[in-house]
Each structure stands twice: as C-alpha cells, then as structure tokens.
Number of protein chains: 2
Amino acid sequence: MSHTFDQKRKKIDEALAHYLKDGGQEPPTLYESMRYSVLAGGKRLRPVLCLASCEALGKDEDSVIPFACALELIHTYSLIHDDLPCMDDDDFRRGRPTNHKVFGEALAILSGDCLLTLAFEWMAQAKNIPPKFKINAIQEIASAAGADGLVGGQVVDLAFEGKSVTPEKLRYIHIHKTARLIEISVKAGALLTGASKEILKKLSQYGQSLGLAFQITDDLLDVLGDAKKMGKAVRKDAELKKATYPSLFGIEASKKMVEENIQKAYQSIEFLGPKANTLKEILQMVREREN
Amino acid sequence: MSHTFDQKRKKIDEALAHYLKDGGQEPPTLYESMRYSVLAGGKRLRPVLCLASCEALGKDEDSVIPFACALELIHTYSLIHDDLPCMDDDDFRRGRPTNHKVFGEALAILSGDCLLTLAFEWMAQAKNIPPKFKINAIQEIASAAGADGLVGGQVVDLAFEGKSVTPEKLRYIHIHKTARLIEISVKAGALLTGASKEILKKLSQYGQSLGLAFQITDDLLDVLGDAKKMGKAVRKDAELKKATYPSLFGIEASKKMVEENIQKAYQSIEFLGPKANTLKEILQMVREREN
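Residues numbered from 1 in each chain as written. Chains lettered and ligands numbered in written order. Predicted model: local features only at pLDDT ≥ 70, side-chain atom pairs only at ≥ 80, totals over all residues. Heavy atoms only, no water.

Visitor: I keep staring at the nonpolar core and nothing clicks. Help me out?
Guide: Nonpolar side chains tend toward joint burial in soluble globular proteins. Ranked by internal contacts, the top residues of the largest apolar core, which has 188 residues, are A:Ile74, A:Tyr206, B:Ile74 and B:Tyr206. Excluding its chain neighbours within four sequence positions, the residues that come into contact with B:Tyr206 are B:Leu49, B:Val186, B:Ala265, B:Ser268, B:Ile269, B:Leu279, B:Ile282 and B:Leu283. (Core = buried A, V, L, I, M, F, W, Y, C linked by side-chain atoms within 4.5 Å. Buried < 20%, exposed > 50% of the residue type's maximum accessible area, 1.4 Å probe, protein only. Contact = heavy atoms within 4.5 Å.)

Visitor: For this particular structure, what's the right way to read the relation of the copies chain B and chain A?
Guide: Put simply, the second copy of the chain is the first one after a rotation about an axis and a shift along it. Laying chain B over chain A is done by rotating through 180° and shifting 0.0 Å along the axis; what remains is an RMSD of 0.0 Å. The operation mapping one copy onto its partner corresponds to a two-fold rotation axis. Among all residues of chain B, the minimum C-alpha distance to the rotation axis is found for B:Pro131, at 2.7 Å. Comparing interface residues between copies, 100% of those in chain B also sit at the interface in chain A, which points to an isologous, same-surface contact. (Least-squares fit on C-alpha atoms with pLDDT ≥ 70 in both.)

Visitor: Sorry, what's going on with the interface of chain B and chain A here?
Guide: Counting from both sides, the interface comprises 41 residues of chain B and, opposite them, 41 residues of chain A. Taking both partners together, chain B and chain A bury about 3,500 Å²; carbon and sulfur atoms supply 78% of that area. Considering only the surface of chain B that becomes buried against chain A, B:Leu110, B:Thr117 and B:Ile135 emerge as the three largest contributors, covering 16% of it. For the pair chain B and chain A, the number of links is zero salt bridges. There are two residue pairs in polar contact (both at pLDDT 80 or more) connecting chain B and chain A. Listing elements by their share of the side of chain B that touches chain A, those giving two or more residues are helix 2 (28-38), helix 4 (65-82), helix 6 (105-125), helix 7 (131-145) and helix 8 (150-159) of chain B. If one sorts the elements of the side of chain B that touches chain A by residue count, helix 6 of chain B sits on top with 13 residues. Across the side of chain B that touches chain A, the residue classes break down as 26 nonpolar, nine polar and six charged. (Buried area = accessible area lost by both parts, 1.4 Å probe. Salt bridge = Lys/Arg side-chain N within 4 Å of Asp/Glu carboxyl O. Polar contact = N/O pair within 3.5 Å; in protein donor to acceptor, adjacent residues only side chain to side chain. Helix = DSSP H or I, 4+ residues; strand = E, 2+ residues; numbered from the N terminus. Nonpolar A, V, L, I, M, F, W, Y, C, P; charged D, E, K, R; others polar.)

Visitor: Help me understand the pattern of salt bridges, please; the structure alone is not making it clear to me.
Guide: Two side chains of opposite charge can pair, provided their charged atoms sit close to one another. Applying the stated criterion to the full structure yields 36 salt bridges over all chains. Notably, a salt bridge pairs A:Asp22 with A:Arg35, separated by 3.7 Å at the nearest N-O pair. Residue A:Asp22 is found in the loop between helix 1 (3-19) and helix 2 (28-38), and its partner A:Arg35 is found in helix 2; the two are separated by 13 residues along the sequence. On the accessibility criterion, A:Arg35 (16% relative accessible area) is buried. B:Arg287 serves as the salt-bridge partner of B:Glu259, at 2.5 Å between the closest nitrogen and oxygen. Here B:Glu259, found in helix 14 (residues 251-269), pairs with B:Arg287, found in helix 15 (residues 277-287); they are 28 residues apart in sequence, far enough to count as distant. Several salt bridges converge on common partners, so that one network encompasses A:Lys8, A:Lys11, A:Glu55, A:Glu61 and A:Asp62.

Visitor: What's the story with the packing of aromatic side chains in this structure? I'm lost.
Guide: Taken as a whole, this structure holds seven aromatic pairs over all chains when the rule is applied. An angle of 5° between the planes, with centres 4.2 Å apart, marks the rings of A:Phe120 and B:Phe120 as stacked. Pair noted here: A:Phe120 is in helix 6 (residues 105-125) and B:Phe120 is in helix 6, and the two residues belong to different chains. In this pair, the class of A:Phe120 matches that of B:Phe120, namely buried. The interplanar angle of 40° and the centroid separation of 5.3 Å between the aromatic rings of A:Tyr245 and A:Phe249 together place this pair among those described as tilted. Residue A:Tyr245 and its partner A:Phe249 are both found in helix 13 (residues 245-249); the two are separated by four residues, about one turn of the helix. Judged by relative accessible area, which is 31%, A:Phe249 ranks as partly exposed. Here the basic side chain of B:Lys202 rests over the ring of B:Phe271, its NZ or CZ set 5.7 Å away from the ring centre. (Phe/Tyr/Trp six-rings, centres within 6.5 Å; stacked < 30°, edge-to-face > 60°. Lys NZ or Arg CZ within 6 Å of the ring centre and 35° of its normal.)

Visitor: Would you mind going over a negative patch on the surface with me for this structure?
Guide: There is a patch of like negative charges on the surface, built from A:Asp89, A:Glu105, B:Asp89 and B:Glu105. Structurally, the position occupied by B:Asp89 is in the loop between helix 4 and strand 1 (92-93). Judged by its relative accessible area of 40%, B:Asp89 falls in the partly exposed class. (Patch = residues over 30% accessible without salt bridge, like charges linked within 9 Å, V, L, I, M, F, W, Y side chains within 5 Å. Areas by Shrake-Rupley, 256 points an atom, 1.4 Å probe, with all protein chains shown as cover. Lys, Arg positive; Asp, Glu negative; His and termini not counted. Charge placed at Lys NZ, Arg CZ, Asp CG, Glu CD.)

Visitor: Just to check I follow, could you spell out the packing of helix 4 of chain B against helix 6 of chain B for this structure?
Guide: For any two helices packed against each other, one specifies the crossing angle of their axes together with the interaxial distance. Residue and element names in this part refer to chain B. Put simply, helix 4 and helix 6 touch, their axes get as near as 8 Å, and they point 165° apart. Considering their axes alone, helix 4 and helix 6 lie roughly antiparallel with respect to each other. Regarding helix 4 and helix 6, the two cross each other, and that crossing is left-handed. Counting all contacts with helix 4, which are made through Pro66, Phe67, Cys69, Ala70, Leu73, Ile74, Thr76, Tyr77, Ile80 and His81, the residues of helix 6 involved are Ala108, Ile109, Gly112, Asp113, Leu115, Leu116, Leu118, Ala119, Trp122 and Met123. (Axes fitted to C-alpha atoms, helices over the stretch in contact; angles between N-to-C directions. Parallel < 35°, antiparallel > 145°, perpendicular 65-115°, else oblique. Left-handed = near helix turned anticlockwise from the far one by under 90°.)

If you want it as structure tokens, here you go:
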C-alpha cells in the first residue's frame with residue numbers, strides 16, 4: 001500500500017471514528033450496529049479516491065472529508081443489505097460475522113437505512129464548500145447510489161443468479177454495482193472544487209475504468225484468492241452460479257481486461273502531472289490487489 | 001377532506017405519477033415495485049403539509065413540489081421496510097398486499113433503498129430554489145429520517161415489542177417514528193423559502209403537535225377503527241403487544257391528548273392569518289380522521 005494512500009486512509013479512519021464515536025447517542029443498539037460495520041476496517045478506496053482527486057486539482061482535501069466519509073457510509077450500507085439472507089446470504093465480511101449475524105435482520109436493515117440517510121446528512125453539513133457545489137455532488141452521488149447505480153446493479157445481479165448472462169449484461173451489473181460509486185467518488189472530489197466540465201469528464205473516465213478494473217479483479221480474486229486475505233468467503237460466485245468475467249471470458253482474458261482498463265485510467269489523468277500521484281498509485285494497487 | 005387539501009393532494013399525485021411514469025427505465029422490476037407502493041394512493045399528508053406551509057408564508061408552492069414528493073418517497077420507503085417479515089410483518093397496506101408480498105423481500109428492501117436515495121436526488125434537482133436553502137432542508141430532512149427520527153423510532157419500537165413501556169418511552173417512539181417527519185415536512189416548506197428562525201420555530205411547533213395528534217389518532221383507530229376504511233389490519237398493536245396511547249392512558253384520556261395537541265398546533269399558526277387556512281384544515285381532518 002502506498003504511503004500517500006495510507007495517509008489518506010488513516011485520515012478517513014480517524015474521521016469516521018470521530019463522527020461515529022460512542023457519545024451516548026440514542027438508540028445505542030443502532031449506533032453499535034452502524035459502528036460495527038463502518039469501523040470494521042476496509043480499504044476505504046472510495047473516500048480516499050475523493051480526497052485524491054481533490055488533491056490532484058490542487059485543492060485542500062480536508063474540506064471534502066465529510067463527503068469522502070459519506071461515500072464510505074453508502075458503500076457500507078450497500079454491503080450490509082447485500083449480505084442479508086434474502087440477498088447474497090453472506091456470513092462473513094471483512095473477516096468478521098456480517099451485520100445481520102450479530103444484530104439480527106431487522107437491525108441490519110435499519111442500520112443500512114440509517115447509514116444511507118446519515119451519508120446525506122454529513123454531505124449537507126460539510127463546511128467550507130459552496131452550497132452550489134454541494135448540491136451538484138449530492139445529486140450525482142444519489143444518482144450513482146440509486147436505480148441507475150448501486151441499487152439497480154444489485155437488482156439485476158440478483159435477477160440473473162443461476163441464469164446465463166450475456167457479456168453486455170455482466171458489464172451492466174459491474175458498472176452499476178461497483179464502478180459507478182467508484183467513479184462518483186473520484187468525480188465528487190472534483191465537483192466539490194468546482195472543476196470544469198472537461199476535467200470532470202477525464203476524472204470520471206479514470207473512475208469508470210478503475211471501477212471496472214477493480215470489479216474484474218474482485219471476480220478474479222473470488223476464483224484465485226485466499227479467503228483469509230479476503231476476509232470473506234471465496235468461490236462464492238461459482239457456488240451461487242453467478243456470472244463473472246473469468247467464467248465468461250476465462251482467467252487470462254480477464255487479466256488482460258484489467259490491464260487495459262488500468263492503462264485507460266492512467267491515460268485519463270496523465271494531464272494532471274505529479275499532483276495525481278495518489279490516483280496513479282491506486283491503479284498500481286488494483287494491479288497488485290490480493291484482497 | 002377539505003377542498004384546498006384535495007387540490008394539493010391532486011398536485012402531488014400528478015407530480016409523483018409524472019416523475020415515476022413508466023418510461024422504460026432500467027431495471028423495470030425495480031421501477032414497477034417502487035411505483036406499486038408510491039402510486040398506491042395514501043393521504044399524501046407530508047407533501048401537502050410542505051406545500052401548505054410554503055403557501056402560508058405567501059410563497060409559490062409549486063417550487064417546492066420536488067421536496068414535497070421526496071418527503072412522500074421517504075415515508076413510503078419507511079412503510080415498505082417496516083412491513084417486512086423481520087419487522088412488523090404486515091401483509092396489507094393501503095388496501096393492497098404489501099410490497100414484499102408482491103415482489104419478494106429482496107426487491108422490497110431494494111425498492112425502499114432506492115426510494116430513499118431517489119428522495120435526495122429529487123431534492124438536489126429542485127429548480128428555482130437557492131442552493132443554500134436546499135442544503136438546509138436536505139440536512140434537516142436527513143436528520144428527521146435517521147437515527148434521531150424515523151429509523152431511531154422504529155428501532156426502539158421493535159425493541160419494546162411485547163415489553164412494558166413507560167409513557168416517556170412511548171412518547172419517544174411516537175415523536176421519532178411519526179412526528180418528526182411530519183414536523184420536518186411543515187418546516188421544509190418554510191426552510192425552502194428562507195423563513196426566519198422565529199417563523200421556523202412556530203411552524204415546527206405546529207408540525208410536532210400535529211404529528212403527535214396524528215399518531216395518537218392512529219393508535220386510537222387501531223383500537224376503534226375499521227380495517228376496510230384503514231386499508232390495513234387493525235387490532236394489530238394489541239396482537240403484537242405494542243404499547244399505545246389507549247393501552248397506557250385509556251381511550252378517553254388519549255382523545256383528550258389529541259385535542260390538546262390540536263389546540264396547541266392551532267395556536268402556533270394563529271399569527272399567519274387566513275394564508276394558513278390549509279394548515280388549519282389539516283388539523284380539522286386529523287380531528288375527524290377515520291383512516
């Protein structure tokens with residue numbers, strides 16, 4: 001893990017722990033359940049991307065921390081709900097029992113609901129960002145989290161469990177379920193600084209290519225990975241008869257697609273020079289990813 | 001139902017039908033499931049309150065329609081999730097089978113998630129409102145929908161099912177689960193017009209008293225009401241051993257509390273004069289409520 005990535009991740013971990021610190025909030029079980037999943041570690045890829053794109057544009061990354069943390073809340077809520085028995089039915093996540101295994105289904109659903117809601121509260125509360133920029137970011141983040149993003153991707157993913165999937169449909173699932181939130185995490189860091197359309201386009205392109213590369217490596221790790229390193233069950237896709245890049249295209253072709261997307265992402269941010277070093281290092285991390 | 005209430009409700013019904021119209025959006029089942037619950041009728045109390053408070057301040061209510069509709073989405077999402085088997089396990093709502101009965105649990109959860117997300121997207125997209133006012137409203141709506149509102153109320157409600165509840169705890173549940181979203185619906189209409197602190201305070205007071213009166217009549221209707229008129233099961237609270245105002249204080253005392261809260265609400269908006277007629281008519285409707 002790169003030095004600058006690690007610094008940013010630490011910043012996010014500290015901010016999340018601070019915002020969610022046990023301060024006797026009511027109801028205690030709800031906060032306990034939210035803390036359990038949010039403070040369980042995790043790569044913090046989405047919030048770090050938000051800081052890194054802000055930094056790449058020469059702006060103060062600290063001002064976007066509330067938005068960065070909100071993106072992690074949205075990611076965490078989606079994992080809690082995806083893990084539910086009626087969805088992917090997962091027992092382990094980030095090396096620990098899943099939220100519903102510890103707190104029960106009702107509280108897991110409600111914690112997810114609350115994290116999603118809290119994300120928008122944190123975004124609205126962010127200081128030192130013009131309201132106009134906040135509104136733009138909120139709008140695009142909501143779009144990437146809804147029917148045309150996260151939720152839509154999960155709906156289609158569930159609908160095709162055990163069924164044969166065309167490459168186009170698989171791409172749809174991966175883009176919506178994973179790549180769009182990653183893309184908007186990068187784009188949000190730029191929207192919040194009032195970046196130009198042209199810059200937004202380049203950073204979105206970087207985010208989308210990175211998101212696809214990330215999800216294809218996820219598919220590859222489910223085949224080739226180590227459950228211990230992953231902190232969750234592997235070979236899960238095959239078990240659920242879920243289509244993946246390796247199952248549709250084979251392992252070698254999938255690895256090649258990862259590399260192509262990483263190259264495309266590099267090219268999109270070339271023009272930013274050394275300010276974009278963290279964004280570049282993240283591409284290298286995805287290339288070498290083991291969990 | 002009052003004439004002006006009815007006009008506003010019609011406006012909301014049309015706007016919701018327009019925003020959610022079947023335009024081939026992907027994924028179709030997700031939209032079908034959202035439409036099923038959102039376009040199932042309902043009193044539209046929250047969105048009408050938002051329009052009515054805007055009108056009471058002499059502003060153009062049409063500009064706040066997206067926020068008003070967003071409040072109805074939040075209300076609907078909370079009903080879909082509350083009705084799930086692991087929560088209140090309800091089979092009927094608004095006279096029809098509940099969402100999970102028709103679409104299954106996974107899609108019901110995801111539709112709820114999507115409606116909550118879409119609510120924030122609609123708020124961010126609203127035109128002709130200064131971004132600063134939009135941010136203020138988004139922040140307070142998120143707060144009223146989260147741990148310190150809707151979700152928190154449901155968590156405590158579930159935690160006390162079948163257990164003895166103090167009057168303080170019951171008040172906590174009612175305020176959080178019902179009154180806060182009603183309160184913020186009124187307040188939002190004022191926040192979006194940039195109303196003064198003093199006016200916001202009065203309208204919040206109106207909303208909170210109305211919300212409590214509304215929830216106590218809800219408890220009363222569960223004891224005294226007619227399932228056909230209600231469009232959902234009655235005597236449900238007793239069956240689930242849920243504490244209610246009638247079970248703690250008796251029917252007559254509960255009716256008195258409704259009246260006290262309605263009086264308090266009247267007084268809070270007296271100063272607005274005839275512009276607040278719709279807000280007053282809503283109090284009369286709660287007094288005469290049968291469903």
